[in-house]
Amino acid sequence: MPAAPQFLFDVGSPNAYLAHLAIPAIEQRIGVKFDYVPVLLGGIFKATNNKSPMEALAGIKNKLEFMETETRRFLKRYNVPRYVWNPHFPVNTLNLMRGAVAARREGILAPYVEAAFFHMWAEPKPMGDLQVAAAALTASGLDGAGLLERAQHPDVKAELIANTEDAVKRGAFGAPTFFVGDEMFFGKEQLRDVEEMFA
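All values derive from a computational prediction rather than experimental measurement.

A. Inspection of the packing of helix α5 (residues 94-105) against helix α6 (residues 109-122) at higher detail. Where α5 contacts α6, the two axes come as close as 8 Å, and the packing angle between them is 160°. Classed by the angle they form, the pair α5 and α6 counts as roughly antiparallel. α5 and α6 meet at a crossing whose hand is right-handed. Across from Asn95, Leu96, Gly99, Ala100, Ala103 and Arg104 in α5, the residues of α6 making contact are Leu109, Tyr112 and Met120. In the contact of α5 with α6, the residues fall into six nonpolar, two polar and one charged.

B. Local environment of the packing of aromatic side chains. Taken as a whole and assessed by the stated rule, the structure comprises 12 aromatic pairs. Ring plane angle 45° and centroid distance 5.5 Å describe the contact between Tyr17 and Phe117, whose orientation is recorded as tilted. Of the two residues, Tyr17 sits in helix α1 (residues 14-30) while Phe117 sits in helix α6, which places them 100 residues apart along the sequence. Residue classification places Tyr17 among the buried residues on the basis of a relative accessible area of 7%. Cation over ring: Arg170 sits above Phe179, and NZ or CZ is 3.8 Å from the ring centre. Over the face of the ring belonging to Phe74 we find Lys188, whose NZ or CZ atom lies 5.6 Å from the ring centre.

C. The arrangement of the sheet that holds strand β3 (residues 177-180) in detail. Ordered by their spatial adjacency, four strands build an open sheet running β2-β1-β3-β4, and the pairing between neighbours is mixed. Every interior strand has two partners, whereas the edge strands, β2 (35-38) and β4 (183-186), have only one. Strand-to-strand twist in this sheet, taken as the mean axis angle between neighbours without regard to direction, amounts to 25°. In this structure, strand β1 (residues 6-9) lies alongside β2, joined through four bridges in parallel fashion. Within the sheet, the bridge partner assigned to Phe7 lies in β2 and is Tyr36. Strands in contact with α5 are β1 and β2; relative to β2, the strand with the most contacts, it is inclined by about 135°.

Rules behind the numbers
- Residues numbered from 1 in each chain as written.
- Predicted model: local features only at pLDDT ≥ 70, side-chain atom pairs only at ≥ 80, totals over all residues.
- Heavy atoms only, no water.
- Axes fitted to C-alpha atoms, helices over the stretch in contact; angles between N-to-C directions.
- Helix = DSSP H or I, 4+ residues; strand = E, 2+ residues; numbered from the N terminus.
- Parallel < 35°, antiparallel > 145°, perpendicular 65-115°, else oblique.
- Left-handed = near helix turned anticlockwise from the far one by under 90°.
- Contact = heavy atoms within 4.5 Å.
- Nonpolar A, V, L, I, M, F, W, Y, C, P; charged D, E, K, R; others polar.
- Phe/Tyr/Trp six-rings, centres within 6.5 Å; stacked < 30°, edge-to-face > 60°.
- Buried < 20%, exposed > 50% of the residue type's maximum accessible area, 1.4 Å probe, protein only.
- Lys NZ or Arg CZ within 6 Å of the ring centre and 35° of its normal.
- Pairing = 2+ DSSP bridges.

Written as structure tokens, this is what we have:
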């Protein structure tokens, strides 16, 4: 049996959110839980000279339209609810991803991720605003202000940097990225390949 799949994510990525929605059914089928690893997508982009799809594909005729079609197919294949585009995109997720590291350390990463993704892509808010983010996380049953305060601890900041640097060293250039052992898969569509490794 391969090692448990790792899911390198940033809540600011709509495709990471869609992957997150598809993962529970995959976990049920393969009998293995994904290991969620917080990274900073902006840091990965900077280290790899990459750009967000919105920037990279701007001006390319038909490409964005095809990506929308691909997203609809993905939603249908995995029977996941349609997401709502965040009108505040792009959102600076530095504090949210530090919060994810803090939540992971406290053993509450799963509800944190659920809440952060929900307020980013299901009921979109300007989650780069600390006050808005704290209130949104609190509304989801978490200690929003406390988590985001603890997210400023030097050890937490250092861990997010280390996760991001390690992701780049292993070959990551964007999100969502998955690893099964040393095997890397990029993009939500490759969840099928991840699942096949456990078939």
